[in-house]
Amino acid sequence: MSGRQFALLLAGDATYSLPSGEHMMKFVADLADHPDEMKDSAARRVDDALDRARRLSSCGVLDGFALCADYCFNDSPFLSPAMFDEFVTPYLTGLIAGYREMGFYVVKHTDGNIMPILDSLVSANPHALHSLDPQGGVDIAEVKRLVGRKVCLIGNVSCAMLQTGTDEEVVASARYALQHGMPGGGYVFGTSNCIYTGMPLERYELMLDVWRKEGNYD
């Protein structure tokens with residue numbers, strides 16, 4: 001990545017995400033009553049994002065995009081798999097293809113229970129998938145078994161444990177992610193969301209200590 005030891009990523013999602021409570025009913029009604037208009041809007045959003053990326057590509061300092069539209073609650077996606085494949089998957093696929101054609105890396109993030117739409121997310125062809133959220137019931141061992149040869153996996157260390165768990169629970173979560181993510185490569189150690197303001201620094205350091213000791217390949 002341009003000779004650096006880090007990657008410079010910019011937020012760059014253009015797909016429909018889980019609406020706020022204030023906008024949920026209108027969004028659902030528009031999907032039902034105006035599907036063609038919603039698809040046209042989804043396509044325009046992708047086109048606008050790719051136009052922006054083309055302008056940025058000339059700068060030569062950007063490595064890629066983090067696509068941060070969240071699609072899932074803790075128990076399920078906000079759209080059924082069939083509706084997701086109608087209103088999100090084609091546009092996510094086009095967005096990622098456009099970024100990749102420009103030479104950018106693409107990381108797709110979404111919290112929650114992604115398992116019903118896992119195949120759709122992977123079929124869109126991102127370089128990596130984050131956050132493999134244990135609070136959404138996502139087991140990195142199962143995700144690794146299903147798609148670990150198709151996409152790089154990132155995350156799965158529980159932010160809930162980092163915030164409210166015991167030291168032993170933090171260590172167990174970090175160790176589990178390493179033990180099941182690392183085999184065969186294609187895993188980036190990380191948390192199930194960002195390290196947010198208020199997270200006790202010593203818990204983050206504890207997680208990193210497990211990584212330093214156990215996150216090494218022979």
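Reading the values: the criteria
Residues numbered from 1 in each chain as written. Predicted model: local features only at pLDDT ≥ 70, side-chain atom pairs only at ≥ 80, totals over all residues. Heavy atoms only, no water. Core = buried A, V, L, I, M, F, W, Y, C linked by side-chain atoms within 4.5 Å. Buried < 20%, exposed > 50% of the residue type's maximum accessible area, 1.4 Å probe, protein only. Helix = DSSP H or I, 4+ residues; strand = E, 2+ residues; numbered from the N terminus. Pairing = 2+ DSSP bridges. Contact = heavy atoms within 4.5 Å. Axes fitted to C-alpha atoms, helices over the stretch in contact; angles between N-to-C directions.

A. Highlighting the nonpolar core. If you look at the biggest cluster of nonpolar residues, it comprises 56 residues, and the most contacted ones within it are Tyr71 and Tyr99. Take this core: its biggest share by element is six residues, from helix α2 (residues 35-57).

B. Quick look at the sheet that holds strand β6 (residues 187-188). In spatial order, the strands read β1-β2-β3-β4-β5-β6; together these six strands make up an open sheet with parallel pairing. Since the sheet does not close on itself, it has two edges, and those belong to β1 (9-11) and β6, each with one partner. Across three bridges, β1 lies against strand β2 (residues 64-67) in parallel orientation. Bridging across to β2, Leu9 finds its partner in Gly64. Sheet contacts for helix α4 (residues 89-101): β2 and β3 (105-109); angle to β2, the most-contacted strand, approximately 160°.

C. Fine view of the pairing of β3. Counting buried positions along β3 gives four out of five residues, so the element sits mostly inside the fold. As defined by bridge partners, β2 adjoins β3 across four bridges and the pair is classed as parallel. Within β3, the position partnered with Leu67 by the bridge is Lys108. Pairing between β3 and strand β4 (residues 128-130): three bridges, direction parallel. Across the sheet, the residue bridging to His109 is His130, located in β4.

Everything listed is a geometric property; what it means functionally is a separate question.
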